[in-house]
Each structure stands twice: as structure tokens, then as C-alpha cells.
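Structural characterization, general
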Amino acid sequence: MNAELQLPLERRIGKRSAAVIEKHLGITTVEGLLNYFPRRYMSRGELTPITELPLDEDVTLIARVLSSSTRHMQARRGTITDVIVSDDDGQQGLRLVGGRDFTGKVPGTLKISFFNGFKAKSELLQGRRALFSGRVTSFKGKLGLTNPDFQLLDEDPFSDSGKDPGKLAAMPIPVYPATAKLPSWKIQKVIATLLETLDLGSMPDPVPAAVAARQDFLPVADAYRLIHVPETAADWKRAQDRFRYQEALVLQSALARRRAQLAAEEATARRPVSGGILAAFDQNLPFTLTAGQAAVGTTLAAELAQDTPMNRLLQGEVGSGKTVVALRAMLQVVDAGGQAALLAPTEVLAAQHYDSIRRTLGPLSSDGLLGGLAASEGASVQVTLLTGSMPTAARKQAMLDAASGSAGIVIGTHALLSDNVSFYDLGLIVVDEQHRFGVEQRDALRGKARKPPHLLVMTATPIPRTVAMTVFGDLETSTLDELPKGRAPITTHLVGLAENPGWAGRIWARAREEIDAGHQVYVVCPKIRTDDDGDFSPGEDAPPGVESEEGRELASVTGVVDHLLGEPALAGVPLAPLHGRQDPELKTGTMAGFTANRIKLLVSTTVIEVGVDVHNATLMVILDADRFGISQLHQLRGRVGRGGLPGTCLLVTALEPGHPSRRRLEAVAATTDGFLLSQEDLKLRREGDILGASQSGGRSTLKLLRVLEHEDIIARARDDAQAIVGGDPLLAGHRELADAIEQYLNPEKEAFLERG
Ligand code: ADP
Ligand code: MG
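Here the structure is a predicted model, which means the values were calculated and not measured. (Residues numbered from 1 in each chain as written. Chains lettered and ligands numbered in written order. Predicted model: local features only at pLDDT ≥ 70, side-chain atom pairs only at ≥ 80, totals over all residues. Heavy atoms only, no water.)

What about the site of ligand 1?
Near ligand 1, the surroundings consist of 17 residues, among which Q293, G319, K322, T323 and R487 are the closest. With respect to ligand 1, the backbone of S320 contributes an N or O atom lying 3.4 Å from an oxygen atom. Between ligand 1 and the protein, one listed contact pairs an oxygen atom with a side-chain N or O atom of H615 at 3.1 Å. Bound to the protein, ligand 1 loses 83% of the 570 Å² it would expose on its own. A breakdown of the residues in the shell around ligand 1 according to their chemical character gives four nonpolar, eight polar and five charged. Shared between two domains, the shell around ligand 1 takes at least three residues from each, and those domains are domain 3 (277-480) and domain 4 (490-671). (Near = heavy atom within 4 Å. Polar contact = N/O pair within 3.5 Å; in protein donor to acceptor, adjacent residues only side chain to side chain. Areas by Shrake-Rupley, 256 points an atom, 1.4 Å probe, with all protein chains shown as cover. Nonpolar A, V, L, I, M, F, W, Y, C, P; charged D, E, K, R; others polar. Domains from an automatic or database assignment.)

Spelled out as C-alpha cells, the structure:
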């Protein structure tokens, strides 16, 4: 059966269907399709005739589209699509029931309205049949549905003629995650066909028999059949219970096995030395460490001194001072004779780290040329920058310094990962702002050390994946939950242009006030250019679906700069654009100008999202803020309020109040607690990509498990996994579980789980 699971789909369902499934769902194997589970189920028993719709109740009905029209709203942005449907399938003779005319047009029909209903507009074409489910509302005395869920149906959903009608009425209709071109019912048919070709009785079961018996799970064969073709609601619920637990068990076993493997790895211990650079650094520190910084420092110091690799995540609110914590760990390693690498997500951030770390180190830092001089005055560390855009000669020198060991701290971007970069003795890797780096990249860097190096990953807002990992509990986590003294609060306002179009001008007047007070302003846009030349990329943690909105012109860096140059409120203000497509020298120059307060207003993309530290900036204006994800917004606003001056963040949106995407903005405006926000983020992502498939391209999304909802299941599975792996570390006696781990998580994914 295992081999059968890996078969290409076409061998089971035919070339044509297999091609359609691959094109629309990206699934190519039997196993993949078998594990493509319905998102939910609708019950035919609930079907309500249009003529008997109860007000204010949830209904499900099957109806045919008579007409559809889309219009722009007058007062606000956006469209309304009105779909008139009828469930009377006679050719004519639409009935007037109870003398009531529901739509004012055709008796016996119903008007369904979709707010920005792009999917409805494209799918609910005249003549199509669909299953609708939603709450009945009344508008001007007429009953209707607003934004109901719907699913297109084939011509005759009741054509399963062999079944007895009573049973059929009770059968739930599975609703698969579908696309316009491949509706749910077609997926259902293909899967039903597939199920008939398989010998489900020989399906491997990753859940050990004893565990399955204890929890009274359905046998795996029944579970597959009933999750796809349930006869009752109880069927799919039991099937889901087993698969949900199975998913948790596979994940937890992968984690448990990795933990066991890690504990067996050997690293070089980097013990603190007295009278070293770290001691000198601590003596000259211009501020006192916060209690949290000191405590985390102690933990890191102890772990670096062990001969098993440290694997730690440092979570800390934006501005909580993670860099100095990391720097102290790096100095301990340098004191012990090793090297440390600091991996930053962007060139801007790498350059800034390089400058600020050298500044912080003062005389303790030497660069290649002055090294001898500084060294003669006492111990010092050479800090080296290595990025892809450096001139060749400088880059070669940096590479040489890393390889020879003369560079103690190497700061860089992805360039550090390239094959021709090597280290003399890499002892510690620090990854800053974790969510921009994938597993493979961290692994590439790990591979540059002779023995497994110590690893410190730093993240501000924990992204959902990290939250998930925290809930899964495989990470060693440290948290900085207090900000250094003297931090002023950041106030965040939601600026809704839909309801207050006049506010657009006030934003720039507000910017002028800040600048007149001697402060600086960031303006962030979701795009680089005005013309749609394909450079738009929604923020990487933007929730799924943000790209699907049509017809909105988004703020772009070049467009906004043009506009601001003619904006009277900002007359004479030195401003500059900054984005990733610029020449690196231009970028560096612009950042330097902004840091030196020559440039007062910076219009940029999210290149400034992480780490940028300009204390004099007090206002952050985020245009089309709805295009960004929660953690991005939180990161962005963390750029202001850094120098003891209160910060203000304006989240500007053209979306109407009540639009689902505005909930994210409201959440960000409501709290500055990054941990609360990441929980919120996770809740708002329905198909949360919890294992980070976007970074490794794998099929890694959790299927039935939701980390917030199913903590208890996860905890149970974790205990079971711990017991299984504890007694059988290689899973030699649990082949089917071991196989499931391999199949479910591709190798990178497993490595990721381990390292967080
Ligand atoms: P983040 O955690 O967001 O990376 P940084 O490490 O960039 O924060 O620190 C933000 C600023 O706070 C820096 O300018 C840093 O020098 C300063 N800082 C760090 N620790 C302290 C402290 N204990 N007291 C005062 N300022 C500090
Ligand atoms: Mg930082």
C-alpha cells in the first residue's frame, strides 16, 4: 500500500482527471489526493425552500441563478454583486407563495448580495446551480442573503440514484477547498473514483494499535472512506477526530525524534573567560541591561559553555534590545577563540548592524586595516561586513578574513550562505528577524562549521509559525518582555479614508508638524512603482487572498514621492525614496542621509520593516495598510518611538468599515503587545500556513489541526510521542509512523521543526 500511495495519480484516475487535479490543486500522487480533506460539510437535510425562508436564521438552499449584476457602491469604494436565484426548477411558473413577493421583481425568487464578491461575480453565472448557506436578513421588507457561503453544484446533485432517498437526504455534502475552475463537487467525484480503486484495508496506520484502541479511533480505512464519503454527520466527525490526532502524533513524533537526535550532537563548548572582550564591553556599556537582558544573557552564557549545541529562540518585543544580548553572546564565543556570524534579512539591516555594532564596541572593534593598532591597546575583535553588493575586492577581503579567522564577527546577508564563503571556526550563528530566513538557509550556514554550531534565532513579533512551535513546545524559548527605560509609547490610529476622505490631506499636515518639531517621518507603501509592472508583492506575511482584490490602485513609492513633491503641506521638506530595486549604493546613501537627519521624510517599501533604528523618527504613515499582515505592521511601527520621543503610527486604508481585512488593522491599533498580536494573527488566518510552506514549497500546511483550538489534542499526542520515541528512538518498531513522518514532512520540514 505504501508504494501505491506514492503512485502518480494518472495511474488511478486517468490522465485527464489527473492533469486537472495537478493544474488546480498541485496534487500529483494518490496519497496527496487521499489526504485532500473536505474543509467542511453541508447537510442536505437542512435544505430550506426559498418560499419558506425564516428571517434571521441560518439556512441552506439549492438554487439556480436567474441573473447577476455588479455595481459600484456610491458612497464607498467597492462593489455589490446582486444575484437573483430561484429554487423552482420548472421552466416557467415561478410561484408566488403566500402572496409575498420577495424581491419585487420575480415572485419565488431571492436576492443574494455579495459585497466585493469577486468569486460570486465570476462563478454565479446565469443558469448555474449552487448550494448557498447563510443567514436570512431583511432589507426594506424583502428577504435576502448577504455574503452567504456558496458552492457550485453539478447539474444534478441528487443523481446518486442507487441510494435510498431517506439516506440520501441525511448525507452530508463534503465541501472541498475549491477553485472557480475546479468546483468542490468535481473534486468530490474524482476522490470517490479514487477511493473505489484503492484497497483501503491495507492502508498503513501510523497510529500504534494500542494508542488507537485506547482512544477508540476508527480504523484508518474507515476513516478515509468516511471523511470523503460520510453518510452521517457523526461519520465525518469521527473520521476527523482520528486524522486530527494522527496529524498531531506524526508531528510530535518528528519533534521528539529530533530532540533525541539533537541531544546526542556534539558542539564545541565556548566557555566565558575572565578579562576578555566581553568583560571590557560590559564595563563600558553606556546603559544598564534590563533585568530580562541580564537573565537571558546568563542563560545563553551557560548554554554556549556546553558541548551540546544551543538551539534557542529569543523572542522580544520590537525595541526590547535583542541586539546587545546577541552581541554579548558573540563576544563570549570570540573570547573563547571562535567566530560568530550574524545573518540579517536585508542589506540595509546588515549594514546598519555593522555600523551600530562597531559603534557599540568602540575601541573593542577593529577592522582589517586598523586591527593591529587597536589590538595593541588591548583585546579587540574584528567585525566584518559581507554582502552581495559589496565591490569585488572588498568582498574578497571579507571572505578571506572569515576563512582565516581574523574576522571574529561576520555580519552579512544571504551572501554569507554562498558556497565560497567559509569560516575558520564558526561557533555561533545569530539569525536576526527570523521570519525572513528559511530552513535551508540556516542549514547552509550550519554546514559551514566543523561541528554543529550554537544557534540563536531572534524574532520580534513571533509569527504564527513560531507561535505554533511554541505551542508544540519543541523550542527552547527566551523572552525579553520589558522595554529599556525611557521608551515612549507608540500610539496607533486607524485612518479610514472610505468614511473620511478628507483625512488624506491631514496626514501630510501631521507629517509637517513632526518635521517642524525637528523629527522625522517614515511613509511606507505596498508597491514600488505606479504602473503595474509586476513588481507588486504583498507583504510576505500578508494573509492569503489579499492579491485577489481587483480595481484598487495601491500607493507606490514612486507615485507617493511624486505626489508629496507637489504637496503644499510638505513644501521644502527633503524627502527620498527607498526600495529594494535601487542600486545598493543609493540605498546606503539614502539610509545614511536619513540617519543623519538630512532627509526628513523617507518613502519606502517594507525594506525598513525590520531592525532599522533611527531614534529621531516619530511618525510612521503606512499607506494601504490593509495590504500588510499583522506582524509586518507591528514590525513597521516599531521603527518609531525609539529615542524617548513618543511615536505615532497611522494605518491608512481605503477599505470600508466592516471589511474583513480591516480587522487586522483594528487588532494592530488596539494593542502594542506583539504576543497578543501573533495570537490574533493566527486566529485570523483560516488556512494558516503554520509550518511555513511558503519558505520551502512543501505541502506542509496543517490539515485538520489548529494550534489554538486543539492544544489539548496536541498535548495528548505529545505525551504519546514522547513515550513512543523514548522506548524506540529509531522508530524501528513503528515503521508506519516513521514512514508517515517522512511523507508528511519533507526532510527540510523536519529539520525546520527541530530548529525553529
Ligand atoms: P530590537 O530588540 O528591536 O532588535 P535593538 O536591539 O535594536 O532592539 O535595540 C533598540 C535600541 O535600544 C538600540 O538603540 C539599543 O542600543 C537600545 N538599548 C538596548 N538595550 C538597552 C538598555 N538596556 N537600556 C537602554 N537602551 C538600550
Ligand atoms: Mg533588531
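That was the structure; now back to the text.
Comments concerning the environment of P309
The topology assignment puts P309 in the loop between α12 (291-304) and β9 (311-316). Considering only alpha carbons, one finds P309 and E265, 44 residues apart in sequence, at a separation of 7.1 Å. Ignoring any residue separated from it by four or fewer positions in sequence, one finds P309 in contact with L262, E265, E266, A267, P452, P453 and H454. (Helix = DSSP H or I, 4+ residues; strand = E, 2+ residues; numbered from the N terminus. Contact = heavy atoms within 4.5 Å.)

Side note on the side chain of S253
For S253, the location among the structural elements is in helix α10 (residues 233-263). If near-sequence neighbours (up to four positions away) are discounted, S253 is found in contact with A721, V725, L737 and I741.

Side note on the sheet that holds strand β14 (residues 426-431)
To summarise the sheet geometry, strands pair through backbone hydrogen bonds and adopt either a parallel or an antiparallel arrangement. The eight strands are arranged β11-β12-β13-β10-β14-β15-β9-β16 in an open sheet whose pairing can be described as parallel. Each having just a single partner strand, β11 (365-366) and β16 (476-480) make up the two edges of the open sheet. Lying on the sheet, α12 is in contact with β9, β14, β15 (454-459) and β16; it crosses β16 at an angle near 155°. (Pairing = 2+ DSSP bridges. Axes fitted to C-alpha atoms, helices over the stretch in contact; angles between N-to-C directions.)

A look at empty space enclosed by the protein
Enumeration over the complete set of coordinates arrives at one cavity of 30 Å³ or more. In this structure, the largest cavity occupies an estimated 50 Å³ of space. Together, A267, T268, R270, D425, L426, G427, R450, K451, P452, P453 and H454 line the largest cavity. Class assignment for the residues of the lining of the largest cavity results in four nonpolar, three polar and four charged. (1 Å grid on protein atoms, 1.4 Å probe; cavity = no way out; pocket = protein on both sides within 12 Å on 5 of 7 lines; lining within 4 Å. Points joined across faces, edges and corners; volume = space filled by probe spheres on them.)

Observations concerning the pairing of strand β19 (residues 575-578)
Across four bridges, β19 lies against strand β20 (residues 601-604) in parallel orientation. For A576, the partnering residue across the bridge sits in β20 and is L602.

Focus on helix α21 (residues 584-595)
In an α-helix, one turn spans 3.6 residues; hence positions three or four apart end up facing the same way. For α21, built from 12 residues, the straight-helix expectation of 16 Å at 1.5 Å per residue is met to within 8% by its first-to-last C-alpha distance of 16 Å. Taken together, the buried residues of α21 touch α14 (347-361), β18 (520-524), β19, β20 and β21 (617-622). Positive backbone phi, approximately 65°, marks N597, located one or two places after α21. (Expected span 1.5 Å × (residues − 1).)

Considerations on the pairing of β21
Of all six residues that make up β21, six are buried, and the element is covered over most of its length. Relative to β21, β18 is paired through five bridges, and the arrangement is parallel. Its bridge partner being in β21, Q520 is matched across the sheet by A617. Summarising the sheet, β21 and strand β22 (residues 647-653) pair through four bridges and their orientation is parallel. Of the residues in β22, the one forming a bridge with I622 is L651. Taken together, β21, helix α22 (residues 630-637) and β22 form a β-α-β motif whose crossover is right-handed. (Buried < 20%, exposed > 50% of the residue type's maximum accessible area, 1.4 Å probe, protein only. Right-handed = clockwise from strand over helix to strand, strands pointing away.)

Looking at the pattern of salt bridges
Within this structure, the stated rule accounts for 18 salt bridges. Measuring nitrogen to oxygen at the nearest pair gives 3.3 Å for the salt bridge that ties K451 to E266. Taken together, the positions of K451 in the loop between α17 (439-446) and β15 and E266 in the loop between α10 and α11 (277-284) put the pair 185 residues apart, joining distant regions of the chain. By relative accessible area, K451 is classed as partly exposed at 36%. (Salt bridge = Lys/Arg side-chain N within 4 Å of Asp/Glu carboxyl O.)

Structural notes on α12
Relative to the 20 Å expected for 14 residues at 1.5 Å per residue, α12 spans 20 Å between its end C-alpha atoms, a close match to the ideal helical length. Turning to α12, its buried residues number three or more, namely G292, Q293, V296, G297, L300, E303 and L304. Taken end-on, α12 shows its buried residues confined to a sector of 130°, consistent with a single buried face. For α12, the exposed residues lying more than 90 degrees away from the buried face are A291 and T298. Elements that come into contact with the buried residues of α12 comprise β9, α13 (322-335), β14, β15 and β16. (Arc of directions from axis to C-beta.)

Examining the packing of aromatic side chains
Taken as a whole and assessed by the stated rule, the structure comprises nine aromatic pairs. Consider the rings of Y36 and Y176, whose centres lie 6.3 Å apart with planes at 5°: the pair is stacked. Here Y36, found in the loop between α4 (30-34) and β1 (40-43), pairs with Y176, found in the loop between β8 (172-175) and α7 (184-197); they are 140 residues apart in sequence, far enough to count as distant. Taking the relative accessible area as the measure of exposure, Y36 reaches 17% and is therefore buried. One cation-aromatic arrangement involves K119 over F150; the distance from NZ or CZ to the ring centre is 4.3 Å. (Phe/Tyr/Trp six-rings, centres within 6.5 Å; stacked < 30°, edge-to-face > 60°. Lys NZ or Arg CZ within 6 Å of the ring centre and 35° of its normal.)

Concerning the packing of α22 against helix α23 (residues 662-670)
Following both chains from N to C, one finds α22 and α23 inclined at 40°, their axes separated by 10 Å at the closest point. Put simply, α22 runs oblique to α23. Where α22 crosses over α23, the two elements pack in a sense that is right-handed. Together, I630, L633 and R637 of α22 and R664, L665, A667 and V668 of α23 make up the contact between the two elements. The residue makeup of the contact of α22 with α23, split by class, is five nonpolar, no polar and two charged. (Parallel < 35°, antiparallel > 145°, perpendicular 65-115°, else oblique. Left-handed = near helix turned anticlockwise from the far one by under 90°.)

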